[in-house]
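Each chain, written out:
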Amino acid sequence: VVSGQAVLMGQSGDDWSGATVTISDTAQSDVTDASGNFTIADVTAGIHSSINAEAPGYLSAACISPTLTAPETTLETVTLLSGDINGDELVDVADATVVGASFGATGPGLPADINRDDIVDILDIILVSINYGEVGPQEWNCLAE
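**Q** Before we go on, may I ask you to explain the sheet that holds strand β8 (residues 61-64) in this structure?
**A** Strands in a sheet are paired, the pairing made by backbone hydrogen bonds, and the direction either parallel or antiparallel. One open sheet accounts for 5 strands, arranged β3-β2-β6-β8-β13; its pairing is mixed. Where the open sheet ends on each side, the last strands, each with one partner, are β3 (28-31) and β13 (138-139). With 4 bridges connecting them, strand β2 (residues 20-23) and β3 associate as antiparallel partners. Paired with Ile23 across the strands is Gln28, a residue of β3.

**Q** Looking at this structure, I do not really get unusual backbone geometry. What am I missing?
**A** Leaving glycine aside, a negative phi is the common case for residues, and trans is the common case for peptide bonds. Following Ala70, the chain continues into Pro71 via a peptide bond in cis, with omega recorded as 0 degrees. Following the sequence through the fold, Pro71 ends up in the loop between β9 (67-68) and β10 (73-74). Cis geometry marks the peptide bond from Gly136 to Pro137, where omega comes out at 0 degrees. In this structure, Pro137 sits in the loop between α2 (122-129) and β13.

**Q** Explain the packing of helix α1 (residues 93-102) against α2 to me, please; I cannot follow it from the model alone.
**A** What describes two packed helices is the angle between their axes and the distance between those same axes. Running from N to C, α1 and α2 cross one another at 180 degrees; their axes reach a closest spacing of 10 Å. Between α1 and α2, the angle falls in the class roughly antiparallel. Together, Asp95, Ala96 and Val99 of α1 and Asp124, Ile125 and Val128 of α2 make up the contact between the two elements. For the contact of α1 with α2, the per-class residue count stands at 4 nonpolar, no polar and 2 charged.

**Q** Would you take a moment to explain α1 for this structure?
**A** Note on helix geometry: an α-helix contains 3.6 residues per turn, so any two residues three or four positions apart are oriented the same way. Measuring from the backbone nitrogen of Ala94 back to the side-chain oxygen at the start of α1 gives 3.2 Å, which picks out Asp92 as the cap. Downstream of α1 by one or two residues, Gly104 has phi in the positive range, about 90 degrees.

**Q** Would you take a moment to explain a nonpolar patch on the surface for this structure?
**A** Together, Phe103, Ile122, Leu123, Ile125, Ile126 and Ile130 make up a nonpolar patch on the protein surface, roughly 530 Å² of accessible area in all. Of note, Ile125 is situated in helix α2.

**Q** For this particular structure, what's the right way to read the state of the cysteines?
**A** Throughout this description, disulfide means a covalent bond between two cysteine sulfur atoms. The full count for this structure, using the stated rule, is 1 disulfide. The disulfide that involves Cys63 links it to Cys142, with 2.0 Å between the sulfurs. Here the disulfide of Cys63 and Cys142 is left-handed, its torsion about the S-S bond being about -60 degrees. Within this pair, whereas Cys63 is found in strand β8, its partner Cys142 is found in the segment after β13, the two being separated by 79 residues in sequence. As far as the burial class goes, Cys63 and Cys142 line up, both buried.

How each quantity is defined
Residues numbered from 1 in each chain as written. Predicted model: local features only at pLDDT ≥ 70, side-chain atom pairs only at ≥ 80, totals over all residues. Heavy atoms only, no water. Pairing = 2+ DSSP bridges. Helix = DSSP H or I, 4+ residues; strand = E, 2+ residues; numbered from the N terminus. Axes fitted to C-alpha atoms, helices over the stretch in contact; angles between N-to-C directions. Parallel < 35°, antiparallel > 145°, perpendicular 65-115°, else oblique. Contact = heavy atoms within 4.5 Å. Nonpolar A, V, L, I, M, F, W, Y, C, P; charged D, E, K, R; others polar. Polar contact = N/O pair within 3.5 Å; in protein donor to acceptor, adjacent residues only side chain to side chain. Patch = residues over 30% accessible without salt bridge, like charges linked within 9 Å, V, L, I, M, F, W, Y side chains within 5 Å. Areas by Shrake-Rupley, 256 points an atom, 1.4 Å probe, with all protein chains shown as cover. Salt bridge = Lys/Arg side-chain N within 4 Å of Asp/Glu carboxyl O. Disulfide = S-S within 2.5 Å. Buried < 20%, exposed > 50% of the residue type's maximum accessible area, 1.4 Å probe, protein only.

In structure tokens:
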């Protein structure tokens, strides 16, 4: 069993649901609950190529070559950086443009509504601007040293 937590930076109400954590060489995955927790069962112990965490509107994170132990491995918490609306692993002017073009839009599921408060507003612009220039995948040191 592999478990841990993925935090989605800037989410309203600290709802960290919806991030997908995948063990890349097995394609085993789980989606985080509202607390950001995930659990992947029946994972083979040993070295794996990577464990990846991703969510819409965020830069992904990768833990490279983790050694997982039986019966359970608890991973270090990862915080995904907000602002990658177009999913190109770069927070840049293209992402800011999407927020600007959608500014004032309301309703659920808007791609530019990074904090999922059902309105594209200044808070979403801030979530792009604080990570402007960041590139993914982020390095995730998922195992305690």
